[in-house]
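Spelled out from the first residue to the last, the chains are:
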Amino acid sequence: MPAFTIVTTSATQGSDAAEVSTLTDEFADVSEALGYSRRMAEEMVGYAHQLSLDFDYSNVGLYDGDLLDEEPEPAHPAFIGVWVLDDEGAAFVPSDEFHAETEAEPA
């Protein structure tokens, strides 16, 4: 079974700090890893609603491979995509769309 790395980043409005967690696990394929990361993203949205928190910058990133000893970021070649969270829920942005949006944003 191939390994995938899931990186959760959670920050709320009014806070300068973000909590980052990294999990590496084996999944049957990218589809199973994507489904697991989606459930994690939806749980984070649910917790935010329960605690009446507003998201500032929260996401669940998915990477191909065991990157537990690295600091994966979207520029990493193993980046598959990211679940972007807001008060409405979680939306998946594949790596090619993520990079196209990042490049289109003015510096």
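Now for a look at the structure at hand. (Residues numbered from 1 in each chain as written. Predicted model: local features only at pLDDT ≥ 70, side-chain atom pairs only at ≥ 80, totals over all residues. Heavy atoms only, no water.)

## Observations regarding the overall build of the protein chain
- The secondary structure content of the protein chain amounts to 2 helices and 5 strands.
- Reading the secondary structure of the protein chain in the N-to-C direction produces β-β-α-β-β-β-α.
- For 107 residues, the compact-globule estimate of 2.2 N^0.38 gives 13 Å, and the protein chain sits close to it at 14 Å.
- A principal-axis box enclosing the C-alpha atoms of the protein chain has dimensions of 40 × 35 × 25 Å.
- Sorting the 107 residues of the protein chain into buried and exposed places 32% on the buried side.
- For the protein chain, contacts bridging at least 24 residues in sequence account for 53% of all contacts bridging at least 6. (Helix = DSSP H or I, 4+ residues; strand = E, 2+ residues; numbered from the N terminus. Rg over C-alpha atoms; globule rule 2.2 N^0.38 Å. Buried < 20%, exposed > 50% of the residue type's maximum accessible area, 1.4 Å probe, protein only. Contact = heavy atoms within 4.5 Å.)

## Examining the nonpolar core
- Counting 13 residues, the largest nonpolar core has Val-60 and Leu-85 as its most contacted members.
- Those elements giving two or more residues to this core turn out to be strand 1 (3-10), helix 1 (30-50), strand 3 (59-64) and strand 4 (79-86).
- A per-element tally of this core places helix 1 first, with 5 residues.
- Those residues in contact with Val-60 that lie beyond four places of it in its chain are Ile-6, Val-7, Thr-8, Ser-37, Ala-41, Met-44, Gly-81, Val-82 and Trp-83.
- One finds Tyr-63, Leu-67, Ala-78 and Phe-79 within the second-largest nonpolar core, a separate group that totals 7 residues. (Core = buried A, V, L, I, M, F, W, Y, C linked by side-chain atoms within 4.5 Å.)

## Points about the pattern of salt bridges
- Considering all chains together, one arrives at 1 salt bridge under this definition.
- Here Arg-38 and Glu-42 are joined by a salt bridge, their closest N and O atoms 3.1 Å apart. Highlighted residues: Arg-38 and Glu-42, both in helix 1, separated by 4 residues, approximately one helical turn. (Salt bridge = Lys/Arg side-chain N within 4 Å of Asp/Glu carboxyl O.)

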